[in-house]
Amino acid sequence: MINFPRLFGGRTASAPVARERLQILLAHERGLCGQPELLELLRSEILAVVSRHVTLDAEKVRVTMDRGNLVSMLEIDIEVPNSAEGWAVAS
Amino acid sequence: MAKVLVVTSGKGGVGKTTSTAALGAALAQMGEKVVVIDFDVGLRNLDLVLGAERRVVFDFINVVQGIANLSQALIRDKRLENLWLLPASQTRDKDALTEEGVGRIIAELRTKFDWIICDSPAGIERGAMLAMRFADEAVVVTNPEVSSVRDSDRIIGMLDSKTAKAEKGEQVQKHLLITRYDTGRAARGEMLSINDVTDILATEMLGIIPESQDVLRASNVGMPVTLNDANSVPARAYTDAARRLMGATIPVLVPAARKGLMDRLLGRRAA
């Protein structure tokens with residue numbers, strides 16, 4: 001089928017998508033303040049501390065940083081299994 | 001007082017070498033004494049773009065290692081008596097450049113030239129770091145395209161943290177040079193616009209170089225684009241950029257789009 005909008009130049013602009021993707025990505029990358037390993041470091045240390053008391057799946061620990069104008073939000077998501085052994089103190 | 005200017009981008013193929021040659025030639029045409037240094041060890045190209053590829057005898061690394069002195073390695077342009085080239089080595093590996101050696105040579109060049117323009121290799125490795133290390137000012141070459149803008153953002157971060165000036169608590173003055181800009185495509189929303197790029201990178205604009213056949217034509221014959229056809233659109237854009245480097249206040253104009261046949265037929269307006 002003939003793509004009429006495209007034929008008449010009404011193609012959807014991709015530049016706004018590019019702009020938005022870049023803004024999100026760079027906000028994240030700049031938030032690390034030249035410490036690209038910071039989030040990974042936080043993730044592994046938090047994992048180590050929590051693992052002392054709770055059996056965790058390393059894959060289920062998520063650390064993200066949302067950068068705002070005045071403050072940033074450090075978000076830590078840890079998924080803990082509901083089984084009894086999940087809460088066993090691993091010491 | 002001599003100024004050390006690094007032309008950098010992070011991403012490859014955006015026009016660092018072309019811009020180095022064009023800005024260097026434009027400054028030399030304005031009477032400034034200019035040396036352009038190729039930091040791309042192993043993959044030199046500035047000699048080729050300047051049409052000096054058959055005149056290279058000694059190179060940057062020979063001078064760093066004390067095998068040759070500066071006056072033996074510097075190549076004077078045949079068309080512009082104020083323009084000189086310090087070529088990169090084609091055979092050595094990039095580890096042959098040392099920070100101490102580069103610093104020593106740049107200090108010596110500072111006593112002889114008004115502008116020392118360092119053409120950075122792509123990437124963020126040793127060569128690129130050394131090219132920016134002693135810079136007073138930086139031209140960040142960016143294409144209006146997502147990967148180039150992201151890499152430029154990264155490079156801007158490094159200019160603010162990894163240069164000798166930054167470590168002294170001073171600032172490397174940064175200029176944004178947008179190359180390969182296609183106004184028609186930007187107007188149709190197919191390419192990041194100038195506003196998009198400046199909003200995102202928040203850096204002062206040095207110039208906008210439109211996508212043009214003239215750039216390729218000039219490098220084919222080994223001429224800086226400002227010298228090959230001084231009245232071409234990219235040559236004028238580079239010359240204005242060079243004037244801004246000299247401190248002139250010239251408004252940055254977004255190049256006008258050439259209307260295509262379909263645009264004319266449909267009466268579409270190019271922004």
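Residues numbered from 1 in each chain as written. Chains lettered and ligands numbered in written order. Predicted model: local features only at pLDDT ≥ 70, side-chain atom pairs only at ≥ 80, totals over all residues. Heavy atoms only, no water.

J.: Kindly report on helix H7 (residues 146–159) of chain B, identifying the contributing residues and their values.
T.: For H7 of chain B, spanning 14 residues, the distance from its first C-alpha to its last is 20 Å, which sits close to the expected 20 Å at 1.5 Å a residue. Burial in H7 of chain B covers these residues: Ser148, Val149, Ser152, Asp153, Ile155, Ile156, Met158 and Leu159 of chain B. (Helix = DSSP H or I, 4+ residues; strand = E, 2+ residues; numbered from the N terminus. Expected span 1.5 Å × (residues − 1). Buried < 20%, exposed > 50% of the residue type's maximum accessible area, 1.4 Å probe, protein only.)

J.: Mind laying out the pattern of salt bridges, listing which residues take part and the relevant values?
T.: Residues and elements named next belong to chain A. For the structure on display, the rule yields 19 salt bridges over all chains. Among the salt bridges present, the one from Lys60 reaches Glu79, with a minimum N-O distance of 3.8 Å. Taken together, the positions of Lys60 in the loop between helix H3 (38–51) and strand S1 (61–67) and Glu79 in the segment after strand S2 (72–78) put the pair 19 residues apart, joining distant regions of the chain. A relative accessible area of 36% places Lys60 in the partly exposed class. (Salt bridge = Lys/Arg side-chain N within 4 Å of Asp/Glu carboxyl O.)

J.: Which residues make up the interface of chain B and chain A, and what are the values?
T.: Tallying the contact residues gives 15 residues for chain B and 15 residues for chain A. Interface area, chain B with chain A, both sides summed: about 1,400 Å², of which 56% is carbon and sulfur. When the buried surface of chain B facing chain A is broken down by residue, Val146, Arg150 and Ile200 of chain B rank first, second and third, together holding 37% of it. The interface formed by chain B and chain A includes two salt bridges. Across the pair Arg19 of chain A and Asp196 of chain B runs a salt bridge, and its minimum N-O distance is 2.4 Å. Taken together, the connections running from chain B to chain A amount to four residue pairs in polar contact (both at pLDDT 80 or more). When residues of the side of chain B that touches chain A are traced back to their parent elements, those giving at least two are H7 and helix H10 (194–201) of chain B. Residue composition of the side of chain B that touches chain A, by class: six nonpolar, two polar and seven charged. (Contact = heavy atoms within 4.5 Å. Buried area = accessible area lost by both parts, 1.4 Å probe. Polar contact = N/O pair within 3.5 Å; in protein donor to acceptor, adjacent residues only side chain to side chain. Nonpolar A, V, L, I, M, F, W, Y, C, P; charged D, E, K, R; others polar.)

J.: A description of the sheet that holds strand S1 (residues 3–8) of chain B should follow, citing residues and the corresponding values.
T.: Residue and element names in this part refer to chain B. The strand order across the open sheet built from eight strands is S3-S4-S2-S5-S1-S6-S7-S8, with neighbouring strands paired in mixed fashion. The open sheet is flanked by strand S3 (75–76) and strand S8 (205–210), the only strands paired with a single partner. Pairing analysis gives five bridges linking strand S2 (residues 34–38) to strand S5 (residues 115–119), with the strands arranged parallel. Note that in S5 the partner of Ile37 across the bridge is Cys118. Here helix H13 (residues 233–245) sits on the sheet in contact with S1, S5, strand S6 (137–142), strand S7 (173–181) and S8, set at roughly 170 degrees to S8. (Pairing = 2+ DSSP bridges. Axes fitted to C-alpha atoms, helices over the stretch in contact; angles between N-to-C directions.)

By themselves these figures say nothing about function.
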